[in-house]
Amino acid sequence: MTGLPDADGRTGVTGLTGAPRVRIAPSPTGPLHIGTARTALFNYLFARHTGGTFILRLEDTDQARSSIAYEKDILDGLHWLGLHWDEGPEVAGARARGPHAPYRQMERLPSYAAAAERLRAADLVYPCYCTPELLDADRKAQEAAKQPPGYVGWCASLTPAQQAEREAQGRRGALRFRVGEGVVAFDDIVRGHVEIDVSNLGGDFAIVRADGLPLYHFTVVVDDAAMEITHVIRGEDHLSNTPKHILLFRALGYPVPQFAHLPLILNPDRSKMSKRKSQTAVSDYVDQGFVPEALINYLALLGWATGTEEEILSLDEIAERFDLHAVHKGGAIFDRKRLEWLNGQWIRRLAAEDLIDRLRPFVQAELDAGRIDWMPSDDELRSLLPVVQERLPTLGAVGDLAGFLWVHEVPVEAATLIPKRWDLATTQAGLAAAREIIEAIGDVAFEAEELEPPLRALAESRGWKPGDLFMAIRVAVTGRTATPPLFDTLVALGRERTLRRLDRARELLDTLGAGPG
RNA sequence: GCCGCAUUCGUCUAGAGGCCCAGGACACCGCCCUCUCAAGGCGGAGAUCACCGGUUCGAAUCCGGUAUGCGGUACCA
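Residues numbered from 1 in each chain as written. Chains lettered and ligands numbered in written order. Predicted model: local features only at pLDDT ≥ 70, side-chain atom pairs only at ≥ 80, totals over all residues. Heavy atoms only, no water.

Caption draft 1: Representation of the overall build of chain A within the structure. Along chain A, the regular secondary structure elements total 20 helices and 11 strands. In summary, chain A has a C-alpha radius of gyration of 32 Å against a globular reference of 24 Å for 517 residues, an excess of more than 25%. The principal-axis extent of the C-alpha atoms belonging to chain A is close to 105 × 50 × 40 Å. Taken over 517 residues, chain A has a buried fraction of 48%. Contacts in chain A between residues at least 24 apart in sequence constitute 75% of all its contacts with a sequence separation of at least 6. Looking at chain A as shown, the accessible area adds up to about 24,100 Å², and 52% of this sits on carbon and sulfur atoms. On chain A, the mean spot of the 58 positive side-chain charges and the mean spot of the 73 negative ones are 4 Å from each other. (Helix = DSSP H or I, 4+ residues; strand = E, 2+ residues; numbered from the N terminus. Rg over C-alpha atoms; globule rule 2.2 N^0.38 Å. Buried < 20%, exposed > 50% of the residue type's maximum accessible area, 1.4 Å probe, protein only. Contact = heavy atoms within 4.5 Å. Areas by Shrake-Rupley, 256 points an atom, 1.4 Å probe, with all protein chains shown as cover. Lys, Arg positive; Asp, Glu negative; His and termini not counted. Charge placed at Lys NZ, Arg CZ, Asp CG, Glu CD.)

Here it is in structure tokens:
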């Protein structure tokens, strides 16, 4: 096996001078989050722009919250976005490939144990037997005294004999890292120079739990070193944790990578984007019919700009232009309206066959939900594209836009059937006359160019505004006041169904006329 | 509380001392196109560049302070 890297106690700082190696390290404790996707994107862009390597590593040491279902959601989402990684697990649950495998932390336990042992041998770490209750009481006391909370160090100077005594009682200690004193400084690629005094770190922090499972701050350092990560590109929420990581890199004798902390994506109230206040799951955007091109394009421009006025850019075009130094420092509110606009832009750019392929699952979903009665053929969809493509804000809008074509009967409200400027009698007359004209046009000639002139002529001869006549017909055959262009709609519906729906609408009007009032 | 980070139109942003009494885009409003809805075109409104002081002939851009916001402060990641 390839585990136990650095068990030889390597201490020489070799430096990280080769091609860049970056990683995205999500925890499978929830569905793929927009923020994680953005971090993944920026790592990917940096790797592609610099000819570096992009790695996926799963941080699953929080066994209580991690699950294979979430792992699958994360991998699926990243694949959907087109953010392909060079090393890491391709399929949820499956073994990963790559020179530093495995890429799941629960499969890398021996390496953390070895690293912890090295720190223990150097007395840079010590077992702490404090109970959660004691820790909690300490914290409360500190809060009450307006003191910064932190580990007070009860177990920092236990003698080997005292430790042995506790172990003999069957107590297992967590491992705490001695933070020492001084100031940790680093030059963040996006934030610039940052300095934090070690006294603000909250005391000696735990790197291994009492049950033996390693903790985040520890695993991230051991793995980043083992995987030879050169640039740690992550969310700003980790900025304050960075000194802890640097201390560990040094203690372990590893070269310290470069850091780049990305601005946060915000809720409308400017707090960190959260499930409570925003739609954060990438899968929800997929389900609603956003195309990956648009989400990528949107996310890339959230916290970064090309410096030009280019706005619609593909993943490859963005990678060509990407520069980590140009990333913003301030957080950015997630603006769904702008995402929708971008989505429309990308949908309009799709080739016909591609659009049909992407639309099909959404039409199928309409069928599954019982909102339509049958599946249209690809030919049918293809003939609809000229009038539908520019009207789709999302793929999911297809049912709303054209669903009336694939149902046996369309619900029509009598009230909307009568155009604003018309009354009942005019509408009845209009639909009756229109019906005759439409019926007179044979199946063969049932084309938009054949339908429009005679209907327009009818309106003129009666002194009606064409728009009113067309609106009456529109509502009669679709049940709605907003649809694709009328004549294309009639053609898509076909002569028979158009006539049938006109008849039904006229019957509806007749019952209205016969009713009270 | 402590530590850290941030702050240009409602939103995303351009801007790295004079080209900016601040440009683009989304959203909004109006007009055009038009059978509705979109798309598209044109135009409009919208930012005393958080505030105060300093440096400079000149500051959105440099320095200091203040305010506000956010993040972190776990045997979560």
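Caption draft 2: Broad picture of the protein's contact with RNA strand B. Around RNA strand B lies a shell of 66 residues, among which Asp62, Gly303, Glu311, Glu390 and Arg391 are the nearest. In the interface set of RNA strand B, defined as its atoms within 4 Å of the protein, sugar plus phosphate atoms amount to 74%. The side chain of Asn241 places a nitrogen or oxygen atom 3.2 Å from a base nitrogen of RNA strand B. Of all the elements in the fold, those that place two or more residues in the surface near RNA strand B are helix 4 (132–144), strand 4 (174–177), strand 6 (192–197), helix 6 (216–226), strand 11 (332–333), helix 11 (336–349), helix 18 (466–478) and helix 19 (486–493). With 5 residues, helix 11 is the single largest residue contributor to the surface near RNA strand B. When grouped by side-chain class, the residues that make up the surface near RNA strand B number 26 nonpolar, 16 polar and 24 charged. (Near = heavy atom within 4 Å. Polar contact = N/O pair within 3.5 Å; in protein donor to acceptor, adjacent residues only side chain to side chain. Nonpolar A, V, L, I, M, F, W, Y, C, P; charged D, E, K, R; others polar.)

Caption draft 3: Highlighting helix 11. A rise of 1.5 Å per residue sets the reference length of helix 11, with its 14 residues, at 20 Å; its end C-alpha atoms lie 20 Å apart and thus fit the reference within 8%. For helix 11, every residue scored as buried is listed here: Leu339, Leu342, Asn343, Gly344, Gln345, Trp346 and Ile347. Looking at the buried residues of helix 11, the elements they touch are helix 8 (282–287), helix 9 (292–300) and helix 12 (352–368). (Expected span 1.5 Å × (residues − 1).)

Caption draft 4: A look at the packing of aromatic side chains. Following the criterion strictly, the structure yields 10 aromatic pairs and no others. Chaining the aromatic ring pairs together yields one cluster made of Tyr285, Phe290, Tyr298 and Phe334. Over the ring of Phe42 we find Arg38; its NZ or CZ atom is 5.1 Å from the centre of that ring. Looking at Arg176, its charged tip hangs above the ring of Tyr151, at a distance of 3.7 Å from the centre. (Phe/Tyr/Trp six-rings, centres within 6.5 Å; stacked < 30°, edge-to-face > 60°. Lys NZ or Arg CZ within 6 Å of the ring centre and 35° of its normal.)

Caption draft 5: Structural detail: the sheet that holds strand 4. Pairing is antiparallel in the open sheet, where 3 strands are placed in the order 3-4-7. Each edge of the sheet is formed by a strand with only one pairing partner; in this case those strands are strand 3 (125–128) and strand 7 (205–208). With direction set aside, neighbouring strand axes in the sheet form an average angle of 45 degrees. Bridge count for strand 4 against strand 7 is 3 bridges, and the pairing is antiparallel. Across the sheet, residue Leu175 finds its bridge partner in strand 7, namely Val208. (Pairing = 2+ DSSP bridges. Axes fitted to C-alpha atoms, helices over the stretch in contact; angles between N-to-C directions.)

Caption draft 6: Molecular detail of the pattern of salt bridges. What the rule picks out here adds up to 36 salt bridges. Across the salt bridge formed by Arg104 and Glu71, the nearest N and O atoms sit 2.7 Å from each other. Of this pair, Arg104 sits in the loop between helix 2 (68–81) and helix 3 (109–121) while Glu71 is found in helix 2, placing the two residues 33 residues apart along the sequence. A relative accessible area of 5% places Arg104 in the buried class. The partner of Lys272 in a salt bridge is Asp237, with the nearest N and O atoms 3.4 Å apart. Remark: Asp237 occurs in the loop between strand 8 (231–235) and helix 7 (242–252) and Lys272 occurs in the loop between strand 10 (265–266) and helix 8; sequence separation between them is 35 residues. Classification of Lys272 as partly exposed rests on a relative accessible area of 48%. (Salt bridge = Lys/Arg side-chain N within 4 Å of Asp/Glu carboxyl O.)

Caption draft 7: Region of the structure containing the layout of surface pockets. Size it by volume and the largest pocket reaches roughly 1,200 Å³. If you go around the largest pocket, you meet 44 residues; those closest to its centre are Ser27, His33, Thr36, Asp237 and His238. Elements represented by at least two residues in the lining of the largest pocket include exactly strand 1 (21–24), helix 1 (34–50), helix 2, helix 6 and strand 8. If you tally residues by element for the lining of the largest pocket, the top one is helix 1, at 4 residues. Across the lining of the largest pocket, the residue classes tally to 18 nonpolar, 15 polar and 11 charged. In this structure, the second largest pocket encloses a volume near 450 Å³. If you go around the second largest pocket, you meet 21 residues; those closest to its centre are Leu135, Arg139, Tyr151, Arg176 and Ala206. Mapped by element, the contributors of at least two residues to the lining of the second largest pocket are helix 4, strand 4 and strand 7. (1 Å grid on protein atoms, 1.4 Å probe; cavity = no way out; pocket = protein on both sides within 12 Å on 5 of 7 lines; lining within 4 Å. Points joined across faces, edges and corners; volume = space filled by probe spheres on them.)

Caption draft 8: A look at the pairing of strand 4. Side chains of strand 4 alternate between two faces, with Ala174 and Arg176 and Leu175 and Phe177 buried alike. As paired elements, strand 3 and strand 4 share 4 bridges and run antiparallel to each other. Bridge assignment links Pro127 to a residue of strand 4, and that residue is Leu175.

Caption draft 9: View of the confidence of the model for chain A. On average, residues of chain A carry a pLDDT of 93, and 96% of them reach 70 or more. On the interface metric, ipTM, the complex scores 0.95, and its pTM is 0.93. (pLDDT = per-residue confidence, 0-100.)

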